[in-house]
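Coordinates in review
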Amino acid sequence: EALEIERVHMAIRMKKVREGKDCIIPYEIPARVGFLGLGIMGSPMAQNLIKAGCDVTVWNRTKSKCDPLISLGAKYKSSPEEVAASCDVTFAMLADPQSAVDVACGEHGAANGMSPGKGYVDVSTVDGATSKMINGHIKATGALFLEAPVSGSKKPAEDGQLIFLTAGDSSLYNTAAPFLDIMGKSKFYLGDVGNGAAMKLVVNMIMGSMMASFSEGLILGEKVGLDPGVLVEVVSQGAISAPMFSMKGPSMVQSLYPTAFPLKHQQKDLRLALGLAESVSQPTPIAAAANELYKVAKSCGLSDQDFSAVIEALKVKLQHQT
């Protein structure tokens, strides 16, 4: 009952924050929340927790990225271990599997600060094996673990509109739910650790393949004399319409790729998805071809551009052919 009351008050606070209203309510949120990793996604996610009135402690490899959050009221600790030791629930948003393992299990890693009664929620996108390894280290301390990779990029993170794909300890899912509701618009509980990671990789595999195909269409259309802007409009109004196409298309037509989801991360997710497919002998020829295109884009120096910059790899190929 107490947990349900907490969730109701948190939801009220979250709604008022999103509506730009005074969010003071006669209730104090008891949990101390840690947040590890303040990149493109982690920073706005932690910021939303702070704005909702949560007691947040942050850490990032580059301390300067913590400063804007500290100015908003966050506390700072100098290692993941110290954050985990001082918080009830610690979230981690890291760039890749190796970083996720280092921050959770390495020297001065979060696992060293965990103990019974605490929870660790990894919202990074990693493969199932990595998630299970981190789970093992956290559970060995008596603490609880939840994997919760997100579907969404920079803007949804800023707007608190992420989708959480969770798996692991159901009791930690219930405890973390109010915080997930602040940072996201929906959440799914998928059972055992590894299922959340698998769901995220399948989703991002589809997304990467869609963007590669969309890029091919834009290039082909322009090559045969079609107006790419009109093509984007046609696609956006038909059966194959997708928010991604209408959102990314106009800037792609202008050869602009403001980074919401770095191309190097999309290629990493495709690589992990192909590994997942290989583990169950499932053919994924379209995703495999898309992965090769993203690898070409990386070799062209586009790693830190938005993943929509994959279209530039096709331009390079065309130039080489002419």
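Residues numbered from 1 in each chain as written. Predicted model: local features only at pLDDT ≥ 70, side-chain atom pairs only at ≥ 80, totals over all residues. Heavy atoms only, no water.

**Remarks on the UniProt feature "active site" (unreviewed entry) in the chain**
The UniProt feature table records "active site" (unreviewed entry) at K200. Here K200 lies in helix α9 (residues 195-223). If we skip the residues at most four places from it in the chain, K200 touches T125, P149, V150, S151 and L165. (UniProt positions renumbered as here; feature names shortened; annotations may be inferred. Helix = DSSP H or I, 4+ residues; strand = E, 2+ residues; numbered from the N terminus. Contact = heavy atoms within 4.5 Å.)

**With respect to empty space enclosed by the protein**
Scanning all chains against the criterion turns up one cavity of 30 Å³ or more. In this model, the largest cavity occupies a volume close to 40 Å³. Along the walls of the largest cavity sit D122, S124, V126, S131, I134, F145, E147 and P149, which together make up its complete lining. Mapped onto the lining of the largest cavity, the elements with two or more residues apiece are α6 (128-139) and β6 (144-147). Within the lining of the largest cavity, the residues separate by chemical class into four nonpolar, two polar and two charged. (1 Å grid on protein atoms, 1.4 Å probe; cavity = no way out; pocket = protein on both sides within 12 Å on 5 of 7 lines; lining within 4 Å. Points joined across faces, edges and corners; volume = space filled by probe spheres on them. Nonpolar A, V, L, I, M, F, W, Y, C, P; charged D, E, K, R; others polar.)

**Thoughts on the packing of helix α10 (residues 228-237) against helix α11 (residues 243-253)**
A pair of packed helices can be characterised by two numbers: the angle between their axes and the separation between those axes. Look at α10 against α11: their axes get within 9 Å of each other, and the N-to-C directions meet at 175°. For the element pair α10 / α11, the angle class is roughly antiparallel. Residues P228, G229, V232, V235 and S236 of α10 lie in contact with α11, whose contacting residues are F245, S246, G249, P250 and V253. Its residues assigned to classes, the contact of α10 with α11 comprises six nonpolar, four polar and no charged. (Axes fitted to C-alpha atoms, helices over the stretch in contact; angles between N-to-C directions. Parallel < 35°, antiparallel > 145°, perpendicular 65-115°, else oblique.)

**Looking at the nonpolar core**
Inside soluble globular proteins, nonpolar side chains tend to come together where they are buried. F35, M45, L49, F91, V121, V123 and F164 are the most contacted members of the largest nonpolar core, which totals 34 residues. When residues of this core are traced back to their parent elements, those giving at least two are β1 (32-36), α2 (42-51), β2 (55-59), β4 (89-92), β8 (162-168) and α8 (170-183). When residues of this core are assigned to their parent elements, the largest contribution, seven residues, is made by α8. Leaving out residues up to four positions away in the same chain, M45 has contacts with F35, M93, V123, V150, A157, L162, F164 and M183. Listed in part, the 32 residues of the second largest apolar core include A287, L302, I311 and L314. (Core = buried A, V, L, I, M, F, W, Y, C linked by side-chain atoms within 4.5 Å. Buried < 20%, exposed > 50% of the residue type's maximum accessible area, 1.4 Å probe, protein only.)

**Digging into the pattern of salt bridges**
Within this structure, the stated rule accounts for 11 salt bridges. Here D159 makes a salt bridge to K155, at a shortest N to O gap of 2.6 Å. Taken together, the residues span about one helical turn, with D159 and K155 both in helix α7 (residues 154-159) at a distance of four residues. E292 is the salt-bridge partner of K295, the closest N and O atoms lying 3.1 Å from each other. Taken together, the residues span about one helical turn, with K295 and E292 both in helix α13 (residues 285-299) at a distance of three residues. (Salt bridge = Lys/Arg side-chain N within 4 Å of Asp/Glu carboxyl O.)

**Points about the packing of aromatic side chains**
For the structure shown, the criterion picks out six aromatic pairs. Summarising the aromatic geometry, the rings of F35 and F91 are spaced 6.2 Å apart at their centres and angled 20° between planes, so their arrangement reads as stacked. Note that F35 is positioned in strand β1 and F91 in strand β4, a separation of 56 residues in sequence. Both residues of the pair, F35 and F91, count as buried. (Phe/Tyr/Trp six-rings, centres within 6.5 Å; stacked < 30°, edge-to-face > 60°.)

**Considerations on the side chain of K200**
Despite its burial, K200 remains without a salt bridge, the nearest opposite charge being carried by D269 at 4.7 Å. Side-chain polar atoms of K200 contact the side chain of T125, separated by 2.6 Å. (Lys, Arg positive; Asp, Glu negative; His and termini not counted. Polar contact = N/O pair within 3.5 Å; in protein donor to acceptor, adjacent residues only side chain to side chain.)

**Structural notes on the side chain of K248**
Examined against the element boundaries, K248 turns out to sit in helix α11. When near neighbours in sequence (up to four residues on either side) are disregarded, K248 contacts M211, A260, D306, F307 and S308.

**Digging into α8**
Side chains that are three or four residues apart share a direction in an α-helix, a result of its 3.6 residues per turn. For α8, spanning 14 residues, the distance from its first C-alpha to its last is 19 Å, which sits close to the expected 20 Å at 1.5 Å a residue. By the largest-angle criterion, A176 marks the main kink of α8, which is about 50°, and a proline, P178, follows within four residues. Counting buried positions along α8 gives 10 out of 14 residues, so the element sits mostly inside the fold. Within α8 the residues assigned to the buried category are L172, Y173, A176, A177, P178, F179, L180, D181, I182 and M183. (Expected span 1.5 Å × (residues − 1). Bend = angle between axes of the 7 residues up to and from the residue.)

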